[in-house]
Number of protein chains: 2
Amino acid sequence: MSITMREVAEHAKVSIKTVSRVVNGEGEISHSTRQRVQHAITQLGYRPNLMARALVTQRSYMIGFLVADICNPFFAEVSRGIQDTAKEHGYHLIIANTDDDGDEELAALNALSARLVDGVIKFNRQTTTPQPPDQQNAPDIPTVYINSTPESLATLAAATQSPITNVSADIYKGARLAVEHLVAKGHRHIGMLAGLAPDVNLMRRRRAYFDVLREHGLPFDESHIVHLLPRLSDAQAAAKQLLLANPQFTALFCYNDVLALGAMHACAELGRKIPSDCAIVGFDDVEYAAAVLPPLTTVRIPKRELGRQAALALIQKMANPAAKINLPLLKTELIVRGST
Amino acid sequence: MSITMREVAEHAKVSIKTVSRVVNGEGEISHSTRQRVQHAITQLGYRPNLMARALVTQRSYMIGFLVADICNPFFAEVSRGIQDTAKEHGYHLIIANTDDDGDEELAALNALSARLVDGVIKFNRQTTTPQPPDQQNAPDIPTVYINSTPESLATLAAATQSPITNVSADIYKGARLAVEHLVAKGHRHIGMLAGLAPDVNLMRRRRAYFDVLREHGLPFDESHIVHLLPRLSDAQAAAKQLLLANPQFTALFCYNDVLALGAMHACAELGRKIPSDCAIVGFDDVEYAAAVLPPLTTVRIPKRELGRQAALALIQKMANPAAKINLPLLKTELIVRGST
DNA sequence: TTGAAAGCGCTAACAA
DNA sequence: TTGTTAGCGCTTTCAA
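These notes cover the structure that comes with them. (Residues numbered from 1 in each chain as written. Chains lettered and ligands numbered in written order. Predicted model: local features only at pLDDT ≥ 70, side-chain atom pairs only at ≥ 80, totals over all residues. Heavy atoms only, no water.)

## Section: empty space enclosed by the protein
Condition: Lining residues are those with an atom within 4 Å of a point, where the points come from a 1 Å grid over the protein atoms alone and group into cavities, where a 1.4 Å probe fits but cannot get out, or pockets, open sets with protein on both sides within 12 Å along at least five of seven lines. Grid points are joined across faces, edges and corners, and a volume is the space filled by probe spheres set on the points. Only Asp, Glu, Lys and Arg are considered charged in this grouping, and only Ala, Val, Leu, Ile, Met, Phe, Trp, Tyr, Cys and Pro are considered nonpolar; every other residue, Gly among them, is considered polar.
For the structure on display, the rule yields three cavities of 30 Å³ or more. Residues belonging to the lining of the largest cavity are distributed by class as follows: five nonpolar, three polar and three charged. Volume-wise, the second largest cavity comes out at about 60 Å³. Looking at side-chain class alone, the lining of the second largest cavity contains five nonpolar, three polar and three charged residues.

Take a look at the structure:
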């Protein structure tokens, strides 16, 4: 068993409340008393029991982060943003991997909300249609969403009374930059390697892709897009098939950097040089995008900043759950490298 | 404020203790009573207050993971192993990034040990000599180390009374496999791209590298190794310099996959074809090792298994802190791909 | 099979 | 400036 405040109080011959005051730096305390207490604390090696404190104050100073998979470098970066900001404000972070599974997510939410965390940050699930939180089971806890689409937010808003808080990067704009870059490079036949629908974030990229092509009077067609799970193993085969079916393509716009890598493999397999025979643009700018050969042109999402903004918003929201928090749409940016 | 056990008890017209029994599935309870209680629980939406429970039981069912940077894909994978195992056993995981900084680490340890977590898993710091934990400040909390060297463990053991628990992969063996593979491929002049000394894990690779070359009567020399921070930006320049200084090299053994990527860039810059002009072997087998072009031959460390074993060991240790836990040295494995 | 009372270690109100 | 008292919501004796 460890040292309690009471023991410190006895040791320092003061009341327990005085110790509490010293520990929390509150109230006016005479210098000599404070010194005595401090001395007792260090001598006994006292450390406050956070569980007891949390029980009284109803605040655990922990927040939860629900994420599909922390191994995904994109999510890892966001988590660092959250974590660094949380730490600055005295919060700890509990990460729960959901593997993009609704039941896992609900289970995690339930576990965390049992007064364990003061709030939650979560991505909307990727591979399925967004569902309104099950009011029967899912607890009402201050929550900040990341990168949710207006549509899924509308669904959410309909299901809850309190205002929804969402932090997003400007995916549509980023996707436009990518496709416009390819057009500017003189490409007229551009294919797209896309994620599986319905993905809350795919739609924005699709729309941008179609919009830009249409605006430039370039050919576009549903058949110019191939949909797949964003996994490298599938990407290579899918990209190869797409290029074989559309030999006119001189460029590919990819849903994310992993798919872009798959496309690079496909080009290697087909003997197509990058970027001369086929230009490739990715999305996210994960760490290794700069490291592959040739380095990947991609759209950078400000991942840490996304996490930072989410954490800040959550801290506000935990202080005042009813507050309507307005957040800027974070800027995305085209990073031009060797693959275009 | 949320529903308490007392309210459930009143609603179900039983004592608070009976509710507790139902919630925790303990003791014999008549079917009808249990039903009534269950009904009250779901109707009121009761969820136990974990802080209160932790206060009484002295167990928070949370564990901490101290890591340099969760964005490093190697650490992320280990964390998944920990997390999945922890979840199976009812534990949550708090991740603290230390950026390989001693003060950060101590601060995190102090914060977590204030009865917040029941135990901690940590990597030894990489870039500095291992230090004995400061007994004044660092709290004594069940701890499991990952991938510590015998030397650093000895230092630790001297400073603490309780037995040290450490989970390791067989780095030396893996490094041997890598260099032996290069030798078997006919390479006689093999350089090494190494991390910065003193790194607790570099030594094992160095020793393996020298041992294998010596055993085969191949030339080895301290000047055949270049030391640098394991960052891509530095790696390319360092590899280039090494290859220019030693034109006889036909193969490079790299400290990790990031450095290997840097070496690949250097080869591209020098117009050396991989693997015909220069073979490259990495270490770790991070996710993108298979994704680069050509795919990287590398030594796989069982990252998730490392995390899993660490979590299991910690769970044992938390149950019985004095227990001496014997753990197997986890097997490393050479994954041969296109870069050799 | 069920219940009453005590207390985990802390903070919050109110006194002194 | 300092102390006293009463809980926070739960589990743990012990008793019925």
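Now that the structure has been shown, we can carry on.
## Thoughts on the packing of helix α5 (residues 73-88) of chain A against helix α12 (residues 303-319) of chain A
Residues and elements named next belong to chain A. To keep it simple, the criterion reads: Helix axes are fitted only over the stretch in contact, all axes being lines through C-alpha atoms; the angle between N-to-C directions runs from 0 to 180 degrees. Under the scheme used here, helices are H or I runs from DSSP no shorter than 4 residues and strands are E runs no shorter than 2 residues, and both carry numbers assigned from the N terminus. Angle categories: roughly parallel below 35 degrees, roughly antiparallel above 145, roughly perpendicular from 65 to 115, and oblique for all the rest. Here a crossing is taken to be left-handed if its near helix is turned anticlockwise relative to the far helix by less than a right angle, and right-handed if that turn runs clockwise. The contact definition used throughout considers only heavy atoms, calling two residues in contact when any of these lie within 4.5 Å.
Where α5 meets α12, the closest approach of the two axes is 7 Å, and the angle between their N-to-C directions is 40 degrees. Comparing the axis directions of α5 and α12 gives the class oblique. As α5 packs across α12, the resulting crossing turns out to be right-handed. Residue-level inspection shows F74, E77, V78, R80, G81, I82, D84, T85 and E88 of α5 in contact with α12, the latter providing K303, R304, L306, G307, R308, A311 and L312. The residue makeup of the contact of α5 with α12, split by class, is six nonpolar, three polar and seven charged.

## Describing the packing of helix α2 (residues 16-24) of chain B against helix α3 (residues 31-44) of chain B
Residue and element names in this part refer to chain B. Where α2 meets α3, the axes come as close as 10 Å, and the angle between the chain directions of the two elements is 85 degrees. Taken together, the axis directions place α2 and α3 in an arrangement best described as roughly perpendicular. The residues of α3 that touch α2, namely those facing T18, V19, V22 and V23, are T33, R34, V37, Q38 and I41. When grouped by side-chain class, the residues that make up the contact of α2 with α3 number five nonpolar, three polar and one charged.

## Topic: the interface of chain B and chain A
Think of interface size as the accessible area that goes away when the parts come together; that is how it is often given. In plain terms, the rule: Buried area is understood as the total, over both parts, of accessible area removed when two parts are fitted together, assessed with a 1.4 Å probe. For this document, the term salt bridge refers to a Lys or Arg side-chain nitrogen within 4 Å of an Asp or Glu carboxyl oxygen. Polar contacts, as counted here, are pairs of nitrogen or oxygen atoms within 3.5 Å of one another; within protein the pair requires one atom able to donate a hydrogen and one able to accept it, and residues that are adjacent in sequence qualify only if both atoms are side-chain atoms.
On the chain A side, the residues contacting the 53 residues of chain B number 53 residues. With both chains or domains summed, chain B and chain A bury close to 4,400 Å², and 60% of this area falls on carbon and sulfur atoms. Between B:R80 and A:D99 there is a salt bridge whose closest N-O contact spans 3.0 Å. Between chain B and chain A we count 15 residue pairs in polar contact (both at pLDDT 80 or more) in total.

## Regarding the sheet that holds strand β7 (residues 225-227) of chain B
All names here are of chain B. Rule in force here: Note on pairing: DSSP must find at least two bridges between two strands before they are called paired.
Pairing is mixed in the open sheet, where six strands are placed in the order β7-β6-β8-β9-β10-β11. Edge strands, defined here as strands with exactly one partner in the open sheet, are β7 and β11 (333-335). For this sheet, the mean inter-axis angle between neighbouring strands, taken without regard to orientation, is 20 degrees. Here strand β8 (residues 251-254) pairs with strand β9 (residues 279-284) via three bridges, running parallel. Bridged to F253 within β9 is V281. Each of β6 (190-194), β8, β9 and β10 (297-300) is contacted by helix α11 (residues 257-270), which is oriented at about 160 degrees to β9, the strand it contacts most.

## Examining the sheet that holds strand β11 (residues 333-335) of chain A
In a beta sheet, neighbouring strands pair by backbone hydrogen bonds and run either parallel or antiparallel. Residue and element names in this part refer to chain A. One open sheet accounts for six strands, arranged β7-β6-β8-β9-β10-β11; its pairing is mixed. Single-partner strands in this sheet number two, and they are β7 (225-227) and β11. Adjacent strand axes in the sheet meet at a mean angle of 20 degrees, parallel and antiparallel pairs treated alike. As paired elements, strand β6 (residues 190-194) and β7 share three bridges and run parallel to each other. Counterpart to A194 in the pairing with β7 is H227. Lying over the sheet, helix α9 (residues 202-215) contacts β6, β7, β8 (251-254) and β9 (279-284), oriented at roughly 175 degrees with respect to β6.

This is a description of form; function is not addressed.
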